[in-house]
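Each chain is listed here by its residues.
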2 protein chains.
Amino acid sequence: MNIEKAAPGNFYAVGVGPGSPDLLTIRALRLIESADIIVAPRSELSKESLAVKSVEPYLSNQEVVEHVYPMSRDQEGTNECWREIAERVNGWCGEGKSVVQITIGDPSVYSTSSYLLFALTEMMEEERIHVVPGITAFQAAAARFHECLSLQDDRMVLLPAGNMDAVADALDNHETVIIYKAGKHLAKLRELLSQKGLLEQARLACYVEQEGKERLWKNFGEVDLDEAGYMATVLVRTGWRKWSEK
Amino acid sequence: MNIEKAAPGNFYAVGVGPGSPDLLTIRALRLIESADIIVAPRSELSKESLAVKSVEPYLSNQEVVEHVYPMSRDQEGTNECWREIAERVNGWCGEGKSVVQITIGDPSVYSTSSYLLFALTEMMEEERIHVVPGITAFQAAAARFHECLSLQDDRMVLLPAGNMDAVADALDNHETVIIYKAGKHLAKLRELLSQKGLLEQARLACYVEQEGKERLWKNFGEVDLDEAGYMATVLVRTGWRKWSEK
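The following paragraphs examine the structure supplied in this document. (Residues numbered from 1 in each chain as written. Chains lettered and ligands numbered in written order. Predicted model: local features only at pLDDT ≥ 70, side-chain atom pairs only at ≥ 80, totals over all residues. Heavy atoms only, no water.)

Here we take up the relation of the copies chain A and chain B. If you rotate chain A by 180° and push it 0.0 Å along the axis, it lands on chain B with an RMSD of 0.0 Å. Here the copies are linked by what is in effect a two-fold axis. Comparing contact sets, 99% of the residues at the interface of chain A also lie at the interface in chain B, consistent with an isologous, same-surface contact. (Least-squares fit on C-alpha atoms with pLDDT ≥ 70 in both. Contact = heavy atoms within 4.5 Å.)

Before going further, it helps to examine the nonpolar core. Residues Ile179(A), Leu189(A), Leu204(A), Ile179(B), Leu189(B), Leu204(B) and Phe220(B) are the most contacted members of the largest nonpolar core, which totals 88 residues. If sequence neighbours within four positions are ignored, Leu189(A) has contacts with Ala161(A), Met164(A), Val167(A), Ile179(A), Ala182(A), Phe220(A) and Val234(A). (Core = buried A, V, L, I, M, F, W, Y, C linked by side-chain atoms within 4.5 Å. Buried < 20%, exposed > 50% of the residue type's maximum accessible area, 1.4 Å probe, protein only.)

Facing 71 residues of chain A, the contacting portion of chain B comprises 70 residues. One can count eight salt bridges joining chain A with chain B. Taken together, the connections running from chain A to chain B amount to 42 residue pairs in polar contact (both at pLDDT 80 or more). Considered class by class, the residues forming the side of chain A that touches chain B number 31 nonpolar, 21 polar and 19 charged. Strand direction decides the pairing type here: strand S6 (residues 156-160) of chain A and strand S6 (residues 156-160) of chain B, joined by three bridges, are antiparallel. Note that in S6(B) the partner of Leu158(A) across the bridge is Met156(B). (Salt bridge = Lys/Arg side-chain N within 4 Å of Asp/Glu carboxyl O. Polar contact = N/O pair within 3.5 Å; in protein donor to acceptor, adjacent residues only side chain to side chain. Nonpolar A, V, L, I, M, F, W, Y, C, P; charged D, E, K, R; others polar. Pairing = 2+ DSSP bridges. Helix = DSSP H or I, 4+ residues; strand = E, 2+ residues; numbered from the N terminus.)

The next point concerns the pattern of salt bridges. One pass over the structure, following the stated rule, counts 32 salt bridges over all chains. We note a salt bridge from Arg203(B) to Glu147(B), for which the minimum N-O separation is 2.6 Å. Placement of Arg203(B) in strand S8 (residues 202-206) and of Glu147(B) in the loop between helix H5 (137-145) and S6 is noted, with a sequence separation of 56 residues between them. Within the structure, one salt-bridge network assembled from shared partners comprises Asp22(A), Glu209(A) and Arg27(B).

Further remarks concern H5(B). Helical geometry note: an α-helix holds 3.6 residues per turn, so side chains three or four residues apart project in the same direction. Burial within H5(B) is extensive, with eight of its nine residues counted as buried. Just past H5(B), the residue His146(B) takes up positive phi, approximately 55°.

Residues and elements named next belong to chain B. Strand order in the open sheet made by the five strands is S3-S2-S4-S1-S5, with parallel pairing throughout. Both outer strands of the open sheet, strand S3 (63-69) and strand S5 (129-132), are each paired with one neighbouring strand and no more. The mean inter-strand angle of the sheet, taken between neighbouring strand axes irrespective of direction, is 20°. Judged from the five bridges that link them, strand S1 (residues 11-15) and strand S4 (residues 99-103) form a sheet pairing that is parallel. Its bridge partner lying in S4, Val14 is registered against Ile102. Each of S1, strand S2 (37-43), S3 and S4 touches helix H3 (residues 75-94); the most contacted strand, S3, lies at about 160° to it. In the packing of helix H4 (residues 113-121) onto the sheet, the strands contacted are S1, S4 and S5, and the crossing angle to S1 comes to about 165°. (Axes fitted to C-alpha atoms, helices over the stretch in contact; angles between N-to-C directions.)

Right, let's talk about the sheet that holds strand S3 (residues 63-69) of chain A for a bit. All names here are of chain A. Ordered in space as S3-S2-S4-S1-S5, the five strands form an open sheet in which the pairing is parallel. Edge positions in the sheet fall to S3 and strand S5 (129-132), since each has one partner strand and no second. Across this sheet, the average inter-strand angle for adjacent strands is 20°, counted without regard to direction. The sheet contact formed by strand S2 (residues 37-43) and strand S4 (residues 99-103) spans three bridges and is parallel. Directly across from Ile38, in S4, lies its bridge partner Val100. This element, helix H3 (residues 75-94), spans strand S1 (11-15), S2, S3 and S4 of the sheet and lies at about 160° to S3. Those strands touched by helix H4 (residues 113-121) are S1, S4 and S5, and its axis lies near 165° from that of S1.

All names here are of chain B. Of the strand pairs in this sheet, S2 and S3 are connected by seven bridges, and their pairing is parallel. By the bridge assignment for S3, Ile38 is matched with Val64. Note on the crossover from S2 through helix H2 (residues 50-55) to S3: the handedness is right-handed. (Right-handed = clockwise from strand over helix to strand, strands pointing away.)

The next subject is the packing of aromatic side chains. Applying the stated criterion to the full structure yields ten aromatic pairs over all chains. Ring centres of Tyr110(B) and Tyr180(B) lie 5.6 Å apart, and the angle between their planes is 40°; on these two criteria the pair is classed as tilted. Within this pair, whereas Tyr110(B) is found in the loop between S4 and H4, its partner Tyr180(B) is found in strand S7 (residues 176-180), the two being separated by 70 residues in sequence. Across the pair, Tyr180(B) and Tyr110(B) agree in class, each one buried. Among the aromatic side chains, those forming a connected cluster through ring pairs are Tyr69(A), Trp82(A) and Tyr115(A). We note Arg237(A) situated over the ring of Trp240(A); from NZ or CZ to the ring centre the distance is 3.8 Å. (Phe/Tyr/Trp six-rings, centres within 6.5 Å; stacked < 30°, edge-to-face > 60°. Lys NZ or Arg CZ within 6 Å of the ring centre and 35° of its normal.)

None of this, on its own, says anything about what the molecule does.
Set out below in structure tokens:
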């Protein structure tokens, strides 16, 4: 399974982790170093691609193509935007080039890679499409807090902050709840966590493992909302489900 | 955040990923290469430590200490066993040595690292304890299947297979269900997935990313239970929760 380098005519969706260049896997590093073309997604709201920043030390002669995608919750527009870049990727691979799409975190977990993979699967043989996992923000956050996310018979759930009813349900039914895309919902989350008596067991990580930007709060009750950032992950440990409680 | 090497008197719980040596992060690699002592957990039922095998290409002069732990669901015995090794780690760090515990997957996700960290936190200053995330088996499995685990408003849950009622609940309430420690429960899982009409949406990965041992089934309905292995992860995609369904 050791992959030494990107093969001609092949596409790789590669997770680059949360931001720090040393949290790439060795496989990701080798693919990025050897790729002809690197596709880097950038949201229309960002000035620079965080994924490019994470791999900057490893760039030399690769052609870097930024792909700007919309941030609106518009299914049709999103599909269209990714179909377009999928066609370009398919074209490059047809010319015998190796193409790597870099993506923050892991390509299978709330990642724009999924849209590109959906579109590309319609165009290319599966054997020429590859996915390389990456460290997610919640894993990086757990590591920074020395937090145990799951052990023994624990159940761990991951969901976005947008729907507060779903978050409340999750808190009632799981030992660990990981809340993504929390940046815009921190005030509401604090209210909910306070109601449930869980503020002290909730941790907040903003821009985890991003040089110079990381902010960590071990106790959500002490968070200063003005200092918290947009890229925010919340970890809540509601309890333990040990072997004996089966 | 770039960590160049293991510092004297410091302890690092390091995830080494699912098994393939190129799925270590660069940070894990540097720490392992520079550590004085490497603690490698091995279950009493295994002949060799899978974690050691995953880092074999990177071993030279480090002292490798295997730590055998019980596989029984015995809380007291487990605590005692890890308190013992924590005391040794604390001793080594006190002598100015750098110590890395390697662990398969991620130290925060169903990992023996948690026991060692619980015990060590009682003995050592937190500043000298570090955790480095690693790729989990479920991420590696999703990558091999080109599976999207979560997107948009999806909820994803991870739990062990032991309690089939909890698994059934999880299948009813989440778009993605990841079932760990499934090896001994595959027949029961097949029954449950069949009842819920989810066999075709369930995938099974055994020994994912372990050289020469990996077995993948994209459709759980086609699994030959005699060929499936003990280290088994099941991914079930029950549906999608798109933006519009808020």
